[in-house]
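Listed here are the chains, written in short residue letters.
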Amino acid sequence: MRLVRALLPFAVGLPALWAIQAAAPPQLAIILVTAGVNVILAVSLNMVNGFTGQFSLGHAGFMAVGAYTAAKITLAMGEAPANWSPWLWNNGAFTLALLGGMLTAALAGLAVGIPSLRLRGDYLAIVTLGFNEIIRVFIENMRWLGGATGISGLPPYTSVVWVGLGALATVVVARRIVGSTHGRALLSVREDEVAAEAMGVDTVACKVHAFVLSAAFAGLGGGLLVHYILLVTPKSFTFVKSIEVVVMVVLGGMGSISGATLAALVLTFALELMRGLDQYRMVMYSLLLVVLMLSRPTGIFGTKEIWELLGPKRKKAAA
Amino acid sequence: MSDVVLLAKNVTMRFGGLTALNDFNLELKPRELVGLIGPNGAGKTTAFNALSGVYAPTEGTVSVGGEVVNGRRPNEISRLGLARTFQNIRLFKKLSVLDNVRLACHAKGKSELWQALLLTAEHERREAEMEKRAFELLDFMELSGRADEEAASLPYGMQRRLEIVRALATGPKVLCLDEPAAGMNATETAALMKLIHAIREKFGVAVLLIEHDMRLVMGISERLVVLDHGVTIAQGKPEAVRKDPKVIEAYLGVEEGHAPLDPEKA
Ligand SMILES: Nc1ncnc2c1ncn2[C@@H]1O[C@H](COP(=O)(O)OP(=O)(O)OP(=O)(O)O)[C@@H](O)[C@H]1O
Ligand SMILES: [Mg+2]
């Protein structure tokens, strides 16, 4: 009964995603997948930048780690052996690949998180940015990772349903964390580190946890992305991508899960809708950002969730 | 368990050439209410910071509940039973009043992360327990009516009380309050002093209370420790301390008006 409740979002989400996938024309599917991946990235970066108030600028680096790991795994698993159902084999291989990607990305998160703990604000941003570039340059110089051109010919495993489930999982995990003592501890680090420590919060552990968790989901986003574009290349993971995700988090409001989700969706769709504008696209995009940040300097929702701003004060959160 | 909940032995705290606290000694028994007083810049907050682990003492030892805590981080010291408030109020401003308190309850029985993710029965029971405890404490301090509000939106006096609730929520043996009455008017201050006395009775904690206005703590403290320029110039029963010539001298001209509020150095 309890497990049913814990898995309820997925039980509801899965049929809905299937329906969307069946109904969506291919052009829309591309946008949906991009949007879903961006939701994963924004919500996961929000765990570090929003919840704990640290400034990570290397999310694409963790994405890359997850993406290359997942790609290597699916390529190594190859096609289904004759006596296997291809459906089962493919989805099994992909599940394994994504989990593998999350794991290596999490380890990378740990490796970057621990030495960066003494840093704050701009300094942490610079170090994580540096990590992002190191990863990219490392990959470019590794023949077995395809070097600068990358690895093509990945199996087309990613679908709207897969991305949707990934986004759902990211949001559910983020929600349940903030709704628990663990999440409140993360928020307290953002609010006032000295006071958090005095209340018994292990702020060092909090920061590491947030980093690791956030990196794991960035890895998931990376794995999903490359099995849609069927190519994994270092160009997808430059710091420009990291900045793009930071923009989503800032725009959504630091710490707001619904804000990050909405910002990821809005920005993805806005970019697509402006495709007809050709070279003016990026100008319009920047203009949109400027206008939004001027009208809502703390993000669309500030640190609040949508439902906290709408409607009457709720008595108790039902997570 | 020893029957000394907080022990400071020859604690000295230097900042470069400045000795902010010099050879500080203190022994706090369970349920004792001790006032730590002294004029501005006497080293009271520095003493708190050295006791609670914000600073590592330059010299001397601090023990909480019989355990030496030198070099331990503040969060560990908090778990050993020392809770504190801050002179300049350091609430988690954007969190709700309830969350400020719930957060501090976490040391006692929080569930594992995976349990939070899977919404296990144990997780929900613990969360419910924390919420219940938080509400009990808020009730006691007459704050539960504003549980859902953002901490920063509370009026000043309530913020001070919320800080005390939050410290209590950690389940301490010693409660250290740094000028909890700062910025309050005479009526509020009197009510607060009564409340502090009641807290000691109800929760059975020892209280170390900083106040630079000696008269405020006279009534409720069993013992006073007087600091001046980092040096402990007097110690003992309030009546005796009040008559001590060194104390009178240190306080001359200070006792009457309230000194302006410091922007703090916690
Ligand atoms: N981190 C620090 N670095 C340097 N000097 C400090 C530091 N903290 C405190 N001091 C100095 O130590 C002395 C004692 O300060 P402290 O804050 O402990 O005084 P206090 O008794 O709490 O005074 P008040 O009543 O104003 O709060 C002051 O001279 C102060 O400037
Ligand atoms: Mg002080």
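Everything below is about the structure printed above this text.
In this report, the structure presented in the accompanying data block is examined. (Residues numbered from 1 in each chain as written. Chains lettered and ligands numbered in written order. Predicted model: local features only at pLDDT ≥ 70, side-chain atom pairs only at ≥ 80, totals over all residues. Heavy atoms only, no water.)

## Some thoughts on the overall build of chain B
Thought 1: Each helix and strand counted, chain B has 10 helices and 10 strands in total.
Thought 2: Expressed as lengths along the three principal axes of its C-alpha atoms, the size of chain B is roughly 65 × 40 × 35 Å.
Thought 3: Each of the 266 residues in chain B was classed as buried or not, and the buried ones make up 56%.
Thought 4: Just so you have it, chain B exposes about 11,000 Å², and 53% of that area is on carbon and sulfur atoms. (Helix = DSSP H or I, 4+ residues; strand = E, 2+ residues; numbered from the N terminus. Buried < 20%, exposed > 50% of the residue type's maximum accessible area, 1.4 Å probe, protein only. Areas by Shrake-Rupley, 256 points an atom, 1.4 Å probe, with all protein chains shown as cover.)

## A few points about the site of ligand 1
Residue and element names in this part refer to chain B.
Thought 1: The environment of ligand 1 is made up of 16 residues, and the closest members are N40, K44, T45, T46 and Q87.
Thought 2: The backbone of A42 places a nitrogen or oxygen atom 3.1 Å from an oxygen atom of ligand 1.
Thought 3: Contact distances for ligand 1 include 2.7 Å between an oxygen atom and a side-chain N or O atom of T45.
Thought 4: Relative to its unbound accessible area of 630 Å², ligand 1 is 76% covered by the protein chains.
Thought 5: Listing elements by their share of the shell around ligand 1, those giving two or more residues are β2 (18-28) and α1 (44-52).
Thought 6: By residue number, the principal contributor to the shell around ligand 1 is α1, which donates 3 residues.
Thought 7: Taken together, the residues of the shell around ligand 1 break down into 5 nonpolar, 7 polar and 4 charged. (Near = heavy atom within 4 Å. Polar contact = N/O pair within 3.5 Å; in protein donor to acceptor, adjacent residues only side chain to side chain. Nonpolar A, V, L, I, M, F, W, Y, C, P; charged D, E, K, R; others polar.)

## Section: the pairing of β2(B)
Residues and elements named next belong to chain B.
Thought 1: Here strand β1 (residues 6-15) pairs with β2 via 7 bridges, running antiparallel. Looking at the pairing, R14 lines up with T19 of β2.
Thought 2: The hairpin formed by β1 and β2 contains 2 residues between the paired strands, and G16 there has a positive phi angle of roughly 60 degrees. (Pairing = 2+ DSSP bridges.)

## Considering the coordination of the magnesium ion (ligand 2)
Residue and element names in this part refer to chain B.
Thought 1: Those donors, T45 (OG1) and Q87 (OE1), are the protein atoms that reach the magnesium ion (ligand 2), and they lie 1.9 to 2.1 Å from it. Here Q87 lies in the loop between β6 (82-84) and α3 (97-104) and T45 lies in helix α1, a separation of 42 residues in the sequence. The pair T45 / Q87 is uniform in exposure class, with both members buried. (Donors = N, O, S within 2.8 Å, 3.2 Å for Na, K, Ca; no water.)

## Regarding the side chain of D244(B)
All names here are of chain B.
Thought 1: Mapping D244 onto the fold places it in the loop between α9 (238-243) and α10 (245-251).
Thought 2: Despite its burial, D244 remains without a salt bridge, the nearest opposite charge being carried by K246 at 5.4 Å.
Thought 3: Separated by 2.9 Å, the side chain of D244 and the backbone nitrogen of K246 make a polar contact.
Thought 4: Those residues in contact with D244, other than ones at most four positions away along the chain, are I233 and A234. (Lys, Arg positive; Asp, Glu negative; His and termini not counted. Salt bridge = Lys/Arg side-chain N within 4 Å of Asp/Glu carboxyl O. Contact = heavy atoms within 4.5 Å.)

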